[in-house]
Amino acid sequence: IERTFSMIKPDATRRNITGKIVDRLESAGLKVVAQKRILITKAQAEAFYGVHRERPFFGELVETMTSGPVVVQVLEGEGAILKNREVMGATNPAQAAEGTIRKDFAVSIGENSVHGSDAAETAKAEIAFFFSDIEITG
Ligand code: GTP
Ligand code: MG
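Residues numbered from 1 in each chain as written. Chains lettered and ligands numbered in written order. Predicted model: local features only at pLDDT ≥ 70, side-chain atom pairs only at ≥ 80, totals over all residues. Heavy atoms only, no water.

**Re the UniProt feature "active site" (unreviewed entry) in the chain**
Reasoning step 1: Using the residue numbers shown here, the UniProt feature "active site" (unreviewed entry) corresponds to His-115.
Reasoning step 2: With respect to the helices and strands, the residue His-115 is situated in strand β4 (residues 114–116).
Reasoning step 3: If we ignore the near neighbours within four places in the chain, the residues touching His-115 are Phe-5, Ser-6, Met-7, Lys-9, Phe-48, Tyr-49, Asn-84, Met-88, Arg-102 and Glu-126. (UniProt positions renumbered as here; feature names shortened; annotations may be inferred. Helix = DSSP H or I, 4+ residues; strand = E, 2+ residues; numbered from the N terminus. Contact = heavy atoms within 4.5 Å.)

Here is the structure:
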């Protein structure tokens, strides 16, 4: 059974829609096997989004991700990585499909409410970035 890393971003925790987003994930058959609400530091945001370091929006991305609490999660299910990406919708909410989290809740491409791992290797690395093994129960 596959696991993926998910994060509810500050724009969503600020608007008090954590539960609405968790409902979308659970309704899609994804099981929350670990979850915590935390504030991440600038250094953690820079490290987590290290692949985007050279992109023009990097500074804005780090600023946004440290502007309030995030909810970090481990999701489990059949094909969890792809399933989560489908439920999230496209990065830019203007391009997201009907019924997706980003279509229904995202404010903009920068404030797009959720993050989800894009591949098996990134899922493993992102889960390890925020959780130890004893924090995850199947
Ligand atoms: P994540 O699940 O958050 O990784 O989204 P993604 O995989 O759909 O997008 P990507 O990895 O390409 O970019 C990471 C994050 O950077 C996105 O979720 C956006 O919040 C942000 N981002 C991407 N492109 C832009 C942009 O052009 N402008 C701004 N402000 N933010 C961007
Ligand atoms: Mg990404």
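Here the narrative resumes, following the displayed structure.
**Digging into the sheet that holds strand β2 (residues 31–38)**
Reasoning step 1: Across the sheet, which stays open at both edges, the 4 strands sit in the order β2-β3-β1-β4 with antiparallel pairing between neighbours. Unpaired on one side and paired on the other, β2 and β4 mark the two borders of the sheet. Each strand of the sheet is rotated relative to its neighbour by a mean of 20°, with strand direction disregarded.
Reasoning step 2: Across 3 bridges, strand β1 (residues 2–8) lies against β4 in antiparallel orientation. For Ser-6, the partnering residue across the bridge sits in β4 and is Gly-116.
Reasoning step 3: The sheet strands contacting helix α5 (residues 80–88) are β1, β3 (70–77) and β4, and the helix crosses β1 at an angle near 30°. (Pairing = 2+ DSSP bridges. Axes fitted to C-alpha atoms, helices over the stretch in contact; angles between N-to-C directions.)

**Considerations on the site of ligand 1**
Reasoning step 1: Every one of the 15 residues lining ligand 1 counts as a neighbour, but Glu-60, Thr-91, Ile-109, Asn-112 and His-115 are closest to it.
Reasoning step 2: Contacts to ligand 1 include His-52, whose side-chain N or O atom sits 3.1 Å from an oxygen atom.
Reasoning step 3: Between ligand 1 and Arg-85 there is a distance of 3.1 Å, counted from an oxygen atom to a side-chain nitrogen or oxygen.
Reasoning step 4: Within the complex, the protein chains bury 82% of what would otherwise be the 590 Å² of accessible surface of ligand 1.
Reasoning step 5: Taken together, the elements giving at least two residues each to the shell around ligand 1 come down to α4 (58–65), α5 and β4. (Near = heavy atom within 4 Å. Polar contact = N/O pair within 3.5 Å; in protein donor to acceptor, adjacent residues only side chain to side chain. Areas by Shrake-Rupley, 256 points an atom, 1.4 Å probe, with all protein chains shown as cover.)

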